[in-house]
Each structure stands twice: as C-alpha cells, then as structure tokens.
Amino acid sequence: MERKSGSLKQGWPYILMILPTFLLLGLVTFYPALYNIWLSFRNESLRTTVSSFVGLANYRRVLSDPFFWGALGRTVIYMIASLVLRVVLGLALALVLNIPQRGRSVARTAILLPWVLSEIIVTAMWLWILDHRTGLLNGLLATVKLGPYGWLVYPGMAMGTIVMVSLWKNLAFSFLLLFAALQQIPLDLYDSGKIDGCSSGGLIRYITLPLIRPTVTIVTIMVSISAFGQFSLVYSLTGGGPLRSTELVGLYMYQQAFNFLDIGYGAAIAMVIFLINIALSLVYYYALRSESLY
Amino acid sequence: MRSMYKSSLIACIVLISVLASYSFAMAAKKVELVVWDLQGYSDQQWYKNANKAFMEKHPNIKLEFEPHEGVPARPKFISAVRTGNAPDVGILNLYWVKDFAMNGWIQPLDPLIEPETRADFFDGFLDYASYDGKLYGLFTETGVATVLYRKDLFAEAGINPPKLLEAWDFEEFAEAAKKLTKDVDGDGKIDIWGIGISGSRTGGGGPTTFTQFPFFWALGGELIDEDGWPAFNSEAGLASLQLYHDLVYKHGVSPRESYSYTWDDIARGFSAGQYAMALLHNTHAPNMDKQFPGQVGAMLYPVPEHGITSATTAGGWIYSILTDDPAKQQAAWEYVSWMLSPEVMKSMCADIGGLPTRRSVFDDTMFASDWNQVFGRQLEGAHMKPGDPIFPLIQDEFAVAIQEVMMNQKDPATALDDAERNVVQRAKATDILK
C-alpha cells in the first residue's frame with residue numbers, strides 16, 4: 001500500500017506532463033467520436049433547427065440504402081486491390097533494397113518522395129498527367145500509336161487508375177515499416193540458415209516472413225483502415241464518377257453529411273465504417289498472429 | 001426657494017453633461033461587423049478599393065473579414081448560425097437564401113432599403129431573394145450560361161453565326177456543329193469538335209446542369225411542381241436529354257467522353273482550340289478572348305423552334321444581413337448598400353466580367369459590347385435554380401441521368417424514371433417529402 005502511494009507520489013510529475021496530451025486528444029478525438037455516436041441516433045439535419053432521438057432509424061436506413069451498399073462494394077474492391085499491391089510491392093521493394101548495393105539510398109528516397117507530398121498536389125499533378133485529351137500520359141502513348149485512354153473517364157478504368165495513383169502515393173508507408181522490420185532481423189540467423197543448407201527462398205520463407213509477421217499485421221490493418229476511409233483522392237480525381245463508379249463509402253458519407261446536410265445519417269454511415277474497420281482489424285489480428293516465433 | 005432653484009439648476013446641468021458625454025461616447029464607439037465574404041473576391045483590387053473607401057468614409061464601423069470558399073461553405077454558415085457564431089453580414093449562394101429565410105437566419109431588408117435603391121435592381125433578382133413577401137438579400141452580380149464560339153472557325157467553315165440577339169433553333173445549331181467538326185490532319189481522328197458540352201457529376205451536378213438546364217427551360221420544363229415534388233420527368237426533360245444524346249451519337253459533334261467533362265475541361269479544350277463552340281459561363285469569355293483575340297463571340301442559347309425565347313441559367317451571390325442587433329443592422333446596411341452601389345458594382349463587373357444586377361449600371365456604355373448585349377438579352381429569359389430543400393437531390397440525380405444518356409447506358413425515358421424514383425426515395429428518407 002505504501003509502495004503504491006509512493007509510486008503515485010513519484011509519478012505525478014509524469015502524469016502532469018502527459019495530461020495536456022490526454023486533454024488535447026480527448027478534445028479533438030474522443031469527444032468528436034462520442035458526439036458522432038450521439039448524432040447517429042438523431043435525425044440531425046442542417047436544414048432544420050430541431051432534431052430528435054430516432055433510435056436505430058439511421059442505421060436501418062443505412063442497411064436498406066442501395067447506394068450505400070454500392071459504395072461499400074466498390075470500397076471493398078478498392079481496399080483489396082490497395083492492400084494486395086501495397087503489401088506485396090512494399091515487401092518486394094523492402095527485400096530488394098535490404099540487400100546492400102549501390103544506389104540503394106537513392107531508390108529509398110525516390111520511394112519516399114510521393115509520400116511526403118500533399119494529396120492536393122498529388123491529385124492536381126495526376127489530373128494533368130491523366131487528362132483524356134491533353135494529358136501527358138496519353139501524349140506519350142500517342143507517340144507509339146496507342147490511345148488515347150480515358151484513365152479517369154471510362155467507368156471500367158477509373159477505379160483502377162485511382163488504385164494506381166494511391167499506390168504511387170502511399171507505397172512508401174508499407175515499404176518503410178517492412179524495411180525497418182527487415183533491418184531488425186539478426187544476420188546471424190541467415191548465416192545459420194545458409195550453414196544448414198537453406199536456399200534463398202527458404203531463408204525468406206523460414207526466417208524473414210515469420211519474423212516480420214507482426215509488422216505485416218500492422219501494415220495490413222493500417223492499409224485497410226486507410227483504404228476504407230479513402231476520400232481525398234476520389235473527391236479530387238473523379239468526384240465519385242463517372243456515374244457512381246468511384247463513389248466510395250468515405251465520399252458517400254461526406255456527400256450525405258455535407259452536400260445534403262443530413263448529419264445524423266452521415267454519422268450513422270461513419271459508425272458503420274468504424275465497426276467494419278474494427279471487425280476487419282480483429283480478423284487480420286487473429287489470422288496473422290504468431291502462435292510462437294521459436 | 002432660491003436655494004432649491006439653484007440645486008435644480010445644478011442637477012439639470014449635471015444631467016445634461018452626463019447625457020452629452022454618453023452620447024459622445026456612443027458616437028465615438030465603433031460598431032464591429034463580421035463579414036463572411038468570398039475568397040474569390042478577397043484578393044481582387046476592386047474589392048480592396050471598395051472596402052478601403054468604405055472604412056475611410058465610416059471610421060465608426062470596423063470590418064472584420066472571414067473569407068469563405070463559396071458553395072461548399074453552406075454547412076459552415078448553418079453551423080455558425082446554430083451555434084450563435086453567425087457573421088453579421090454574409091455573401092450567400094443564391095440557392096441558400098430561401099432556406100435561410102424560411103429558418104429566420106437572415107434578416108428582412110425591407111425596413112432598411114430605400115425605395116429608389118430597390119427600384120434600381122432588376123425585378124427578377126428581387127423576386128428570387130424574397131420569401132413570404134419580404135426581401136432577404138441583394139445580388140452582388142450575376143452570370144449566365146452562354147454559347148461561346150470561334151469566329152475564325154465559323155468563317156473557315158463558311159458559317160454565319162445567328163444575328164446578334166437572335167437564336168438558332170436546335171436543328172440549325174446541330175447542322176452548324178456538324179460543319180464545324182473536323183479532322184484537320186487527316187489521321188482519322190477529330191481535331192476540332194463542333195460543340196463542347198459537359199456531363200460531369202462533379203459538384204453535385206451543379207456546373208453540368210447550369211449549362212444543360214437552358215435547353216430544358218426553353219422546352220418549357222419545370223423542375224419542381226407546386227406541391228414541392230419533382231417535375232423534371234416530363235416531355236421537356238426527355239427532349240433535353242435526347243438533344244445531348246444526339247449531339248454525341250447522332251450528329252457526332254461532341255466527344256463521346258463528354259459525359260465526364262467538367263466546365264474546366266471544356267474551357268481548357270476551347271482554349272486549346274479543340275472546340276468551335278462551347279457551353280460555358282459568361283465570365284469565361286474574356287479569358288477565351290485572350291487566347292484568341294477578337295475571335296470569340298457569344299450567341300444566345302438555341303431554342304426548340306424560332307419564336308421561343310432563348311432561356312439560360314443565371315447564377316450569382318447575394319449579400320444578406322444575419323445580425324439581429326438593430327444597431328449592427330443599420331451599420332450592416334451601410335456596408336451592404338455601399339458594396340452594391342452603382343460605383344462599386346460597375347468596377348466589380350469590369351474586373352471579374354460579371355453582369356450587373358442594377359438597371360443604372362447595366363445601362364452604362366461599358367456594357368454595350370456585343371457580348372454584353374447577348375448576355376443582357378439572355379438575362380431576359382433567365383431562370384435561377386430553385387432554393388427548395390429538394391433541389392440539391394434533383395440536381396444530383398438529373399446530372400446522373402445526363403451522364404447515363406451521354407454514356408449511352410440508358411435511354412432518356414429510363415434515365416429520367418430512375419432519377420425521379422431516386423429523388424423521391426432520397427427525399428422521403430430525409431423527410432423533405434412526406
């Protein structure tokens with residue numbers, strides 16, 4: 001008992017130091033999140049000054065809204081494509097650049113550059129590159145008698161284009177984490193493996209992959225959450241079009257809340273996205289968890 | 001008795017002094033006005049000059065500006081009103097005014113506006129900004145959808161544009177567009193298209209419908225019926241969508257990808273010489289003319305048949321007073337009436353290419369150019385998008401219908417049936433329709 005009160009006495013300066021951070025987080029993260037939950041149970045609309053508690057009505061509306069399900073389906077496609085490409089390519093690049101060789105730091109910098117650019121700049125740049133009639137890409141393809149292609153214009157192509165732009169912009173995130181994980185693996189393990197007669201593929205399969213599995217889990221969860229909440233790229237590149245072919249749930253939620261001023265409904269969509277993200281994170285966690293490393 | 005008289009006199013003098021000091025203090029006290037203005041205005045010279053002149057004339061009024069980003073700022077305005085942080089004066093999009101007036105978020109201008117000032121504004125703008133018989137705002141300027149064309153390409157193709165202030169019918173319009181559509185280098189691909197039309201759903205379909213509705217309105221279309229239900233699924237709606245379909249597929253005078261083009265794409269294409277005609281906004285004309293000096297003309301929107309008044313869509317921004325403090329309201333009116341004075345309106349229109357909403361300004365010789373004569377005539381048949389709560393849903397679904405037809409995915413009847421069903425479903429879900 002004495003020890004406890006003693007620890008508290010010793011620890012209060014630390015508590016005091018982290019208190020501002022907790023207060024700030026509470027104000028800008030926890031309070032809005034709780035407020036969103038409250039809103040999702042109300043028929044709150046910016047069109048009117050009165051609102052009331054409507055129970056689960058907004059959630060029932062989400063579940064019976066065909067446009068929501070359409071947007072959710074497209075988001076799942078976008079998420080799977082982004083996840084596979086970002087994890088597989090991020091890992092491949094990390095493995096390649098983990099081998100000491102000339103030009104390694106230049107390549108690492110090149111991968112990191114798009115990540116540090118603001119999304120607004122990225123989209124403005126890609127809009128110029130991908131423009132159907134005056135874009136750089138179609139201009140280059142024309143020199144070899146190909147195109148023009150409506151990268152952001154054809155409904156069947158627009159989603160793929162957004163996935164590729166997103167990959168270009170965000171590949172660095174998965175690469176960085178996986179590269180850092182690779183650097184943590186003791187080289188002795190590889191030496192032992194080689195002595196035991198393990199091939200290069202075997203070294204990756206039996207040493208590298210098991211040891212970076214926790215990082216792969218983190219990357220998978222982070223990429224999924226980020227892909228599920230994708231908004232700025234689609235908003236700026238296509239606005240959800242052509243038709244609704246790139247309308248993802250993040251954009252749909254924004255439209256309901258801020259274009260059509262239906263705040264309660266937008267909040268309910270946000271809650272559904274949140275619950276899906278939690279469910280996905282749990283699935284990934286249990287599917288990829290390491291029973292025992294050694 | 002004498003001392004009583006003396007005491008009364010002293011008391012009166014003291015009272016008068018106190019009242020005089022209070023009056024002086026009140027006169028010297030500054031009224032502070034928070035003005036939410038447009039980001040688009042805040043950097044412009046005419047705007048800076050007008051504000052500077054106002055502050056010099058009214059040292060007792062202090063202005064604090066908070067520029068907003070335009071159409072997307074609507075939720076910000078409403079949130080501010082509902083949390084008691086509304087500005088005293090705001091520049092509102094025209095579609096917001098009815099909604100704001102219905103909710104009592106903006107103040108009637110009737111007690112403030114002088115009769116001669118009121119009479120100088122065009123009636124259509126006063127009517128639009130009125131609700132329940134009261135005036136709630138005044139247009140800063142207006143703009144119209146228009147058909148811009150290249151005079152040099154018309155001359156090359158041997159086409160005479162319609163006479164000034166006359167409109168082609170749809171058939172003449174399509175025929176001219178066909179002659180203007182050319183494969184210049186003979187590689188089998190079209191280099192110059194007859195007409196640039198946009199079909200993108202970006203911005204909730206706002207820009208696309210801005211240039212498409214003039215056809216719909218010329219055909220006699222109505223967007224909302226008297227009971228507030230969607231009315232666009234009509235003969236006019238069908239014919240206006242069929243026209244867009246025909247321009248792309250039957251006449252081949254617009255690119256097949258037009259369904260995804262925004263205003264900016266059309267403007268860029270026109271600047272790059274890819275269109276002989278384009279459906280744009282009147283403020284695009286000066287910029288296009290810089291690219292092709294003296295070669296850019298404006299014509300009235302085509303009509304279904306001769307004898308019908310050419311229609312267009314007019315847009316604009318509106319000054320409204322939000323404060324309910326009487327002292328602030330008077331200061332706010334001083335400011336608004338100055339910013340909308342003929343002098344300021346003239347300099348604004350000259351700078352940004354907008355159209356004046358006051359008769360005395362429109363009559364000025366600077367608005368006598370061919371372009372402005374066309375825009376002025378176009379204003380006579382102008383419609384403004386309704387401010388009803390259901391309108392954003394109609395605009396969004398109508399834009400989807402335009403895209404579906406321009407992509408050849410649905411015929412106009414099916415596209416409009418689907419759009420109407422979606423509007424009703426969405427409006428019922430949000431209690432806009434009961």
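Quantities reported herein were computed from a predicted structural model and do not represent experimental measurements.

### A word on the overall build of chain B
- If you tally the helices and strands in chain B, you get 19 helices and eleven strands.
- By its C-alpha atoms, chain B is 110 × 50 × 35 Å across when sized along the principal axes.
- Looking at chain B as a whole, 54% of its 434 residues qualify as buried.
- Relative to all contacts within chain B whose residues are 6 or more apart in sequence, the contacts with residues 24 or more apart total 75%.
- For chain B, the accessible surface area stands at approximately 18600 Å², while carbon and sulfur atoms represent 52% of it.
- Computed over 37 positive and 57 negative side-chain charges, the inter-centroid distance for chain B is 7 Å.

### Section: the overall build of chain A
- Broken down by element type, chain A carries twelve helices and zero strands.
- In chain A, the succession of helices and strands from N to C terminus is α-α-α-α-α-α-α-α-α-α-α-α.
- The C-alpha radius of gyration of chain A comes to 24 Å, more than 25% above the 19 Å expected for a compact globule of 294 residues.
- By its C-alpha atoms, chain A is 85 × 75 × 35 Å across when sized along the principal axes.
- Expressed as a percentage of contacts within chain A between residues at least 6 apart in sequence, the contacts between residues at least 24 apart total 66%.
- Summing over all exposed atoms, chain A offers an accessible surface of approximately 16300 Å²; the carbon and sulfur share of this is 72%.

### Overview of the pattern of salt bridges
- Following the criterion strictly, the structure yields 23 salt bridges over all chains and no others.
- Residue A:Asp262 pairs with A:Arg61 through a salt bridge whose shortest N-O separation is 3.0 Å. Of the two residues, A:Asp262 is situated in the loop between helix 11 (249–259) and helix 12 (263–288) and A:Arg61 in helix 2 (residues 57–63); the sequence distance between them amounts to 201 residues.
- Residue classification places A:Asp262 among the buried positions, given a relative accessible area of 7%.
- Assessed through its relative accessible area of 16%, A:Arg61 is described here as buried.
- Among the salt bridges present, the one from B:Glu69 reaches B:Lys76, with a minimum N-O distance of 3.0 Å.

### Remarks on the interface of chain A and chain B
- Every contact between the two is made by 30 residues of chain A and, on the other side, 38 residues of chain B.
- Together chain A and chain B conceal approximately 2800 Å² of surface at their shared face, both sides included; 52% is due to carbon and sulfur atoms.
- When the buried surface of chain A facing chain B is broken down by residue, A:Arg47, A:Arg133 and A:Leu243 rank first, second and third, together holding 27% of it.
- The tally of links from chain A across to chain B stands at four salt bridges.
- The partner of B:Arg201 in a salt bridge is A:Glu247, and the shortest N-O contact between them spans 3.1 Å.
- For the interface between chain A and chain B, the tally reads nine residue pairs in polar contact (both at pLDDT 80 or more).

### Some remarks on the nonpolar core
- Counting residues in each nonpolar core, the largest one holds 149 residues, and the members touching the most others are B:Leu138, B:Ile195, B:Leu223, B:Phe232, B:Met277, B:Tyr319 and B:Tyr335.
- For this core, the element with the most residues is helix 18 (residues 391–406) of chain B, which contributes nine residues.
- If near-sequence neighbours (up to four positions away) are discounted, B:Tyr319 is found in contact with B:Tyr47, B:Val89, B:Gly90, B:Ile91, B:Tyr136, B:Gly137, B:Leu138, B:Thr140, B:Tyr335, B:Val336, B:Met339 and B:Leu340.
- Listed in part, the 57 residues of the second largest apolar core include A:Phe175, A:Val219, A:Val249 and A:Ile269.

### Quick word on the packing of aromatic side chains
- Taken as a whole and judged by the stated rule, the model has 45 aromatic pairs over all chains.
- Relative to B:Tyr47, the ring of B:Tyr41 lies with its centre 5.9 Å away and its plane at 45°, an arrangement referred to as tilted.
- The class of B:Tyr47 is buried, set by a relative accessible area of 3%.
- Judged by centre distance (5.9 Å) and plane angle (45°), the ring pair of B:Phe213 and B:Phe216 falls under tilted. Within this pair, B:Phe213 and its partner B:Phe216 are both found in helix 10 (residues 206–218), separated by three residues, close to a single helical turn.
- Chaining the aromatic ring pairs together yields one cluster made of B:Tyr41, B:Trp46, B:Tyr47, B:Phe54, B:Phe65, B:Tyr319 and B:Tyr335.
- Over the ring of B:Phe292 we find B:Arg150; its NZ or CZ atom is 3.7 Å from the centre of that ring.
- Note that B:Arg426 overlies the ring of A:Phe260, its terminal NZ or CZ placed 4.5 Å from the centroid.

### Description of the pairing of strand 1 (residues 31–36) of chain B
All names here are of chain B.
- Direction of pairing for strand 1 relative to strand 2 (residues 61–65): parallel, over a ladder of five bridges. Note that in strand 2 the partner of leucine 33 across the bridge is leucine 63.
- Two strands pair when backbone bridges link them, and strand 1 and strand 3 (residues 89–93) are joined in this way by two bridges, in the parallel orientation. Looking at the pairing, tryptophan 36 lines up with glycine 90 of strand 3.

### Here's the deal with the side chain of A:Lys169
All names here are of chain A.
- If you trace the backbone, lysine 169 turns up in helix 7 (residues 155–183).
- Within polar-contact distance, the side chain of lysine 169 engages the backbone oxygen of tryptophan 115 at 3.0 Å.
- In this structure, lysine 169 is in contact with Pro114, Trp115, Leu117, Ser118, Glu119 and Val122, ignoring residues within four places of it in sequence.

### Some words on unusual backbone geometry
- A cis amide bond links A:Gly147 to the next residue, A:Pro148, at an omega of 0°.
- Look at the link from A:Gly241 to A:Pro242: it is a cis peptide, with omega at -5°.
- Among the secondary structure elements, A:Pro242 is positioned in the loop between helix 10 (232–237) and helix 11.
- A positive phi is found at A:Lys145, a non-glycine position, where the angle reads about 60°.
- Taking the relative accessible area as the measure of exposure, A:Lys145 reaches 78% and is therefore exposed.
- The residue B:Asp132 is not glycine, and still its phi comes out positive at about 55°.
- Structurally, B:Asp132 can be placed in the loop between strand 4 (130–131) and strand 5 (134–135).
- Residue B:Asp132 is classed as exposed on the basis of its relative accessible area of 68%.

### Quick look at the packing of helix 12 (residues 263–271) of chain B against helix 13 (residues 284–291) of chain B
All names here are of chain B.
- Two elements in contact, helix 12 and helix 13, have axes separated by 9 Å at closest approach and are oriented at 30°. Classified by the angle their axes make, helix 12 and helix 13 are roughly parallel. In the packing of helix 12 onto helix 13, the handedness of the crossing is right-handed. Residues Trp263, Ala267, Phe270 and Ser271 of helix 12 pack against His284, Met288 and Gln291 of helix 13.
- Here the contact of helix 12 with helix 13 is composed, by residue class, of four nonpolar, three polar and no charged.

### Re the packing of helix 3 (residues 66–97) of chain A against helix 9 (residues 200–228) of chain A
Residue and element names in this part refer to chain A.
- Where helix 3 contacts helix 9, the axes come no closer than 10 Å and their chain directions differ by 145°. You can see that helix 3 and helix 9 cross each other, and the crossing is right-handed. Across from Leu72, Thr75, Tyr78, Met79, Ser82, Leu83, Arg86, Val87, Leu91 and Leu95 in helix 3, the residues of helix 9 making contact are Ile204, Thr208, Leu209, Ile212, Val219, Thr220, Val223, Ser224, Ser226, Ala227 and Phe228.
- Here the contact of helix 3 with helix 9 is built from residues that sort into 14 nonpolar, six polar and one charged.

### As for a nonpolar patch on the surface
Residue and element names in this part refer to chain A.
- On the surface, Trp12, Tyr14, Leu16, Met17, Ile18, Leu19, Phe22 and Leu23 cluster together to form a nonpolar patch covering roughly 930 Å² of accessible area.
- Here isoleucine 18 shows up in helix 1 (residues 2–40).
- A relative accessible area of 43% means that isoleucine 18 is categorised as partly exposed.

What counts as what
One numbering rule holds for all chains: residues counted from 1, following each sequence as written. Working convention: letters from A go to chains and numbers from 1 go to ligands, in the order in which they are written. Only residues with pLDDT of at least 70 are given local features in this predicted model, and only at 80 or more are side-chain atom pairs given and counted; all residues enter the totals for whole chains, interfaces and linings. Hydrogens and water are ignored here; the side-chain numbers use all heavy atoms of the structure. Numbering of helices and strands runs from the N terminus; a helix is a DSSP stretch of H or I covering at least four residues, while a strand is a stretch of E covering at least two. Per-residue accessibility, obtained with a 1.4 Å probe over protein chains only, is compared with the maximum for each type, and a residue is labelled buried under 20%, exposed over 50%, and partly exposed between these values. Here, two residues are considered to be in contact whenever any of their heavy atoms come within 4.5 Å of each other. Using the Shrake-Rupley algorithm and a 1.4 Å probe, accessible areas are obtained, with residue cover drawn only from the displayed protein chains. By the counting scheme adopted, Arg and Lys are positive, Glu and Asp are negative, and His together with the chain ends is not counted. In plain terms, the charge of a residue is placed at NZ if it is Lys, CZ if Arg, CG if Asp and CD if Glu. We take the radius of gyration over the C-alpha atoms and set the globule estimate at 2.2 Å times the residue count to the 0.38 power. Put simply, a salt bridge is a Lys or Arg side-chain nitrogen that is within 4 Å of an Asp or Glu carboxyl oxygen. By buried area we mean the combined loss of accessible area, with a 1.4 Å probe, across both parts when two parts are placed together. Here a polar contact is recorded for every N or O atom pair within 3.5 Å, except that within protein the pair must consist of a potential hydrogen donor and a potential acceptor, and residues adjacent in sequence are included only if both atoms are side-chain atoms. What we call a nonpolar core is a set of buried Ala, Val, Leu, Ile, Met, Phe, Trp, Tyr and Cys residues that are connected through their side-chain atoms within 4.5 Å. For Phe, Tyr and Trp, rings pair up if their centres lie within 6.5 Å, where Trp contributes its six-membered ring, and each pair is then called stacked (planes under 30 degrees apart), edge-to-face (over 60) or tilted (otherwise). Each ring is checked for a lysine NZ or an arginine CZ that lies within 6 Å of its centre and within 35 degrees of its normal; such an atom marks a charge sitting over the ring. Strands are labelled as partners when DSSP assigns at least two bridges between them. Whenever a helix is involved, its axis is fitted only over the stretch in contact; in every case the axis is a line through C-alpha atoms, and angles between N-to-C directions fall within 0 to 180 degrees. Angle categories: roughly parallel below 35 degrees, roughly antiparallel above 145, roughly perpendicular from 65 to 115, and oblique for all the rest. Rotating anticlockwise by less than a right angle from the far helix to the near helix defines a left-handed crossing, while the corresponding clockwise rotation defines a right-handed one. Note that Gly is not counted as nonpolar here; it falls among the polar residues with everything else outside the nonpolar set of Ala, Val, Leu, Ile, Met, Phe, Trp, Tyr, Cys and Pro and the charged set of Asp, Glu, Lys and Arg. Patches were defined on residues exceeding 30% relative accessible area and lacking a salt bridge, with like-charge contacts within 9 Å and nonpolar side-chain contacts (Val, Leu, Ile, Met, Phe, Trp, Tyr) within 5 Å.

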